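Here is how the chains run, residue by residue.
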Amino acid sequence: GNREYNPGWHTALDLPNLMTVAEAVARAAVTRQESRGAHFRADFESKDDEWAQYNIVIRKHADGQMAVNRERISEMPETLKQIIEEMR
């Protein structure tokens, strides 16, 4: 058939982006030294609340290299905390 209806063609076009996302996910997983939810590591089996204060941020530079950073999550506004508490 035509390219529009050819799943192999679309997969070939998507593959570079899929590989970029897979690499970013793997780098983030290796960086996080805890187990939480679906993210489980045999070498770090317990949950560490210190990690709940950070996001793992991956940035891909123009040269293709990925930089992994831990960035502190900003404090939740009091109004949002109140709403969450009211819903418990």
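In case you missed it, the structure is sitting above this.
Residues numbered from 1 in each chain as written. Predicted model: local features only at pLDDT ≥ 70, side-chain atom pairs only at ≥ 80, totals over all residues. Heavy atoms only, no water.

Colleague: Would you mind going over the packing of aromatic side chains with me for this structure?
Modeller: The geometry of two aromatic rings is summed up by the distance between their centres and the angle between their planes. Evaluation of the coordinates by the stated rule reveals zero aromatic pairs. One residue, Arg70, lies across the ring of Trp51, its end atom 4.6 Å from the ring centre. Looking at Arg70, its charged tip hangs above the ring of Tyr54, at a distance of 4.0 Å from the centre. (Phe/Tyr/Trp six-rings, centres within 6.5 Å; stacked < 30°, edge-to-face > 60°. Lys NZ or Arg CZ within 6 Å of the ring centre and 35° of its normal.)

Colleague: It is not clear to me how the environment of Ala52 should be interpreted in this structure. Could you clarify?
Modeller: Take Ala52: it is sitting in the loop between helix H1 (7-31) and strand E1 (54-60). On the accessibility criterion, Ala52 (41% relative accessible area) is partly exposed. The sequence separation of Ala52 and Arg72 amounts to 20 residues, and the corresponding C-alpha distance is 9.1 Å. In this structure, Ala52 is in contact with Arg36 and Ile73, ignoring residues within four places of it in sequence. (Helix = DSSP H or I, 4+ residues; strand = E, 2+ residues; numbered from the N terminus. Buried < 20%, exposed > 50% of the residue type's maximum accessible area, 1.4 Å probe, protein only. Contact = heavy atoms within 4.5 Å.)

Colleague: Would you explain the pairing of strand E2 (residues 66-72) in this entry?
Modeller: Residues in a regular strand project their side chains so that they alternate between the two faces of the sheet. Looking at chain direction, E1 and E2 are connected through seven bridges and run antiparallel. In the strand pairing of E2, Arg59 is matched with Ala67. (Pairing = 2+ DSSP bridges.)

Colleague: How should the pattern of salt bridges be read in this particular structure?
Modeller: Opposite charge on two side chains permits pairing when their charged atoms draw close. What the rule picks out here adds up to eight salt bridges. Here Glu34 and Arg32 are joined by a salt bridge, their closest N and O atoms 2.9 Å apart. On the accessibility criterion, Glu34 (0% relative accessible area) is buried. (Salt bridge = Lys/Arg side-chain N within 4 Å of Asp/Glu carboxyl O.)

Colleague: Would you mind going over the environment of Gln82 with me for this structure?
Modeller: Here Gln82 shows up in helix H2 (residues 78-87). A residue is classified by how much of its surface remains accessible, and Gln82, at 48% relative accessible area, is partly exposed. Taking the C-alpha atoms as reference points, Gln82 and Met66, separated by 16 residues in sequence, lie 38 Å from one another.

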